[in-house]
Amino acid sequence: MVGGPYFDVKLGRKDGLESKAHKVRGNVPMPNQTVHDIHGMFKKNGFSLREMVALSGAHTIGFSHCKEFSDRLFGSKADPDINPRFATALKGLCKNHTVDDTIAAFNDVMTPGKFDNMYFKNLKGGLGLLASDHLLIKDNSTKPFVELYATNEKAFFEDFARAMEKMGTVGVKGDGEGEVRRRCDHFNNLNV
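Quick caveat: nothing in here was measured; it's all calculated off a predicted structure.

**Overview of helix α3 (residues 84–94)**
Turning to step 1, where the next piece is worked out: All of the buried residues in α3 are F86, A87, L90 and C94. The buried side chains of α3 occupy one side of the element, clustering within an arc of 95 degrees when seen end-on. Opposite the buried face of α3, by more than 90 degrees, sit the exposed residues P84, R85 and T88.
Turning to step 2, where the next piece is worked out: Looking at the buried positions of α3, the neighbouring elements they touch are β4 (104–106).
Turning to step 3, where the next piece is worked out: Near the N-terminus of α3, the side chain that reaches the backbone nitrogen of R85, with its oxygen 3.0 Å away, is that of N83.

**Overview of helix α5 (residues 131–138)**
Turning to step 1, where the next piece is worked out: Counting buried positions along α5 yields 6 of 8 residues, so the element is predominantly enclosed.
Turning to step 2, where the next piece is worked out: Listing the buried residues of α5 in full gives A131, S132, D133, H134, L136 and I137.
Turning to step 3, where the next piece is worked out: Residues of α5 that are buried sit in contact with α1 (35–43), α2 (49–56), α4 (118–124) and α6 (143–151).

**Some remarks on the environment of D139**
Turning to step 1, where the next piece is worked out: In this fold, D139 is placed in the loop between α5 and α6.
Turning to step 2, where the next piece is worked out: A sequence separation of 72 residues divides D139 from K67, and the C-alpha atoms of the two residues are 24 Å apart.

**Topic: the packing of aromatic side chains**
Turning to step 1, where the next piece is worked out: In the structure shown here, the tally under the stated rule is 11 aromatic pairs.
Turning to step 2, where the next piece is worked out: Between Y149 and F156, the aromatic rings sit 5.7 Å apart at their centres with planes inclined by 50 degrees, giving tilted as the arrangement.
Turning to step 3, where the next piece is worked out: For Y149, a relative accessible area of 0% puts it in the buried group.
Turning to step 4, where the next piece is worked out: Classification of F156 as buried rests on a relative accessible area of 0%.
Turning to step 5, where the next piece is worked out: Pairwise contacts between aromatic rings join F7, F115, Y119, F120, Y149, F156, F157 and F160 into one cluster.

Cut-off values and rules
- Residues numbered from 1 in each chain as written.
- Predicted model: local features only at pLDDT ≥ 70, side-chain atom pairs only at ≥ 80, totals over all residues.
- Heavy atoms only, no water.
- Buried < 20%, exposed > 50% of the residue type's maximum accessible area, 1.4 Å probe, protein only.
- Helix = DSSP H or I, 4+ residues; strand = E, 2+ residues; numbered from the N terminus.
- Arc of directions from axis to C-beta.
- Contact = heavy atoms within 4.5 Å.
- Polar contact = N/O pair within 3.5 Å; in protein donor to acceptor, adjacent residues only side chain to side chain.
- Phe/Tyr/Trp six-rings, centres within 6.5 Å; stacked < 30°, edge-to-face > 60°.

In structure tokens, the structure reads:
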């Protein structure tokens, strides 16, 4: 629908019987984590560094709330690596983020409604929204993959599709451990 690659999604995967917000931390990357810490999460699930960078490319669509990146804009710890014009625009957008926590910015400011490799091109130009995104171009272990995907959308799409198919095999529940959801907008025993 937004121009990204096709990948198979296996049917019948069981989801957990409950969902608890406190179990998220340590299993989902946070916006201010280091490349090392984020890769550790992916590595424990069998993902390579290249697969982690490819999956980070999902940030080519979507948005993030200002509270997730405001520390890069305001105060003594403002990030000098962020593109100055981008920083000025974000400061204007997020100036009231402490009063209104719904204020958000697109993860990919250039092509926010299209799944493409612009996210990686943006990182090279100082237009990475989240600190964890920006670190992908700064870290010597991930920079080659960012550069590859910025110049070769086909490679990004192929790696992303394979990594998403692999993601679908992580934590598969056995008999009695989960349920096949009939409705994806409804959670049984949701406890957040």
